[in-house]
Structures are given as structure tokens and as C-alpha cells.
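Given next are the chains, with one letter for each unit.
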Amino acid sequence: PGGEMVAMTHDSRSQRGISLIEVLIAMVILAIGLLGLVGLQGRLHVTQVESYQRAQALILLQDMTNRIALNRTDALAYVTAEPIGTGMAGGCPVANASRVQRDVREWCEFLIGAAETLGGAQVGAMVGGRGCVEEIATDEYLITVTWQGMAPVTAPPESVPCGAGEYDGGDGSPCVDDLCRRFVSTVVRISDLTPL
């Protein structure tokens, strides 16, 4: 009887030690899982911001497409010599005499986010929004909106020069060689509506 008692005491001690090791392993697994969730949450935030910016860019792209289509007789006057919007020398144009001038001024203000402010900062559009209108053929215009992405991906093709080189970060930044430049573009074709 006395020997059995010693064996039982020894068993309960080893059981307590095994339970403690199981609890520690469970805590390590839980900690690793929680760290994974934190990383996933960060990636989801970046994806959400990228999606919001793309939606804003598509709205601004459609805005200029409509402006050109509605003022088709002056479509060539919408062509920009340089990207308008963020970083434009002298800011957005102030000329307001013609419909084209008003359209370009308003589009520029939308690109820099002037429609909505928060604490004095313009936050109504994408980060670093810029827009370009190029004539690619007779009565064909390429409209492009570019902005600053949140993380590096593939650089846009060279056939999309709007905002090229404007979205690279400083030393140590992953945003180099236009890897953070995002763009959307469309072609507007102005058809000849004169009767034959």
C-alpha cells in the first residue's frame, strides 16, 4: 500500500508538469496567430485605401471624359502640356473665361482634393492626384489620372507618361522607379456629326 501511494504522487506531479507545458505551447500558438492577424489587418488597411483611391480616380476620369464629350467642338483645347493637379507650378489654373478653362480649373481642383478639407488639408481625392489629356490621333484623346499608391507593385508602362517619376520616395523608400505610381486611363473618340 505504501508503494502505491508514492507511485500515485509521482504520477500527479508529472501530470502537472505536462499540463504546464501544454499551456505554454498553447500560449505560443495563440501569440503567433495574433501576430498574423495584426499583419493581415495592416495589409487589409492598405488594400482598402488603394481601392478607395482607385474609385476616386475612376470618378475623376469619367468627369473629364464627360466634359470633353459635352464640349466636343473644343476637344483639342483640353490637351494638357504637363500633368495638372498636385505639384503643378503655380497651382491650379485660375482662368475662368471659357468653358474649357472652367473645366480644366475644376478638374485640377478635384484632382488635388479641394472639394473636401480636414483640418485645412485637402483630402477629397487620391494622394498626389494628377491628370493628363493627350491627343493620340485626330479626334482621339487619352485621358489619364495618376496617384500615389500605398505599396510598390509593377511600374506603369512607358506608354503612360502622365506623372512619370513624380511618385518616387526618398532614400530607403520602397517607392522607386515608379513602382508606387497608379493610373487609370481611357480614350475619348470625337466622331464627326456633320451630315453627309
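The structure displayed is predicted, hence computed values, not measured ones.

Colleague: Sorry if this is basic, but what is going on with the side chain of Gln-56 here?
Modeller: Assignment of secondary structure puts Gln-56 in helix α1 (residues 2-70). For Gln-56, a relative accessible area of 17% corresponds to the buried category. With near-sequence residues (within four places) excluded, Gln-56 lies in contact with Gly-124, Ala-125 and Met-126.

Colleague: I tried to follow unusual backbone geometry on my own but got confused; where do I start?
Modeller: Note: most residues except glycine have negative phi, and most peptide bonds are trans. For Asp-139, which is not glycine, the phi torsion reads 60° and is therefore positive. One can find Asp-139 in the loop between β4 (130-137) and β5 (140-148). Backbone geometry at Asp-177 places phi at a positive 55°, although glycine is not the residue there. Tracing the sequence through the fold places Asp-177 in the loop between β5 and β6 (181-189).

Colleague: Got a minute to help me understand the sheet that holds β6 in this structure?
Modeller: In a beta sheet, neighbouring strands pair by backbone hydrogen bonds and run either parallel or antiparallel. Strand order in the open sheet formed by four strands is β1-β4-β5-β6, and the pairing between neighbours is antiparallel. A single partner strand is all that each edge strand has here, and the edge strands are β1 (84-85) and β6. The sheet contact formed by β1 and β4 spans two bridges and is antiparallel. Residue pairing for β4: Ile-84 is matched across the bridge by Gly-131.

Reading the values: the criteria
- Residues numbered from 1 in each chain as written.
- Predicted model: local features only at pLDDT ≥ 70, side-chain atom pairs only at ≥ 80, totals over all residues.
- Heavy atoms only, no water.
- Helix = DSSP H or I, 4+ residues; strand = E, 2+ residues; numbered from the N terminus.
- Buried < 20%, exposed > 50% of the residue type's maximum accessible area, 1.4 Å probe, protein only.
- Contact = heavy atoms within 4.5 Å.
- Pairing = 2+ DSSP bridges.

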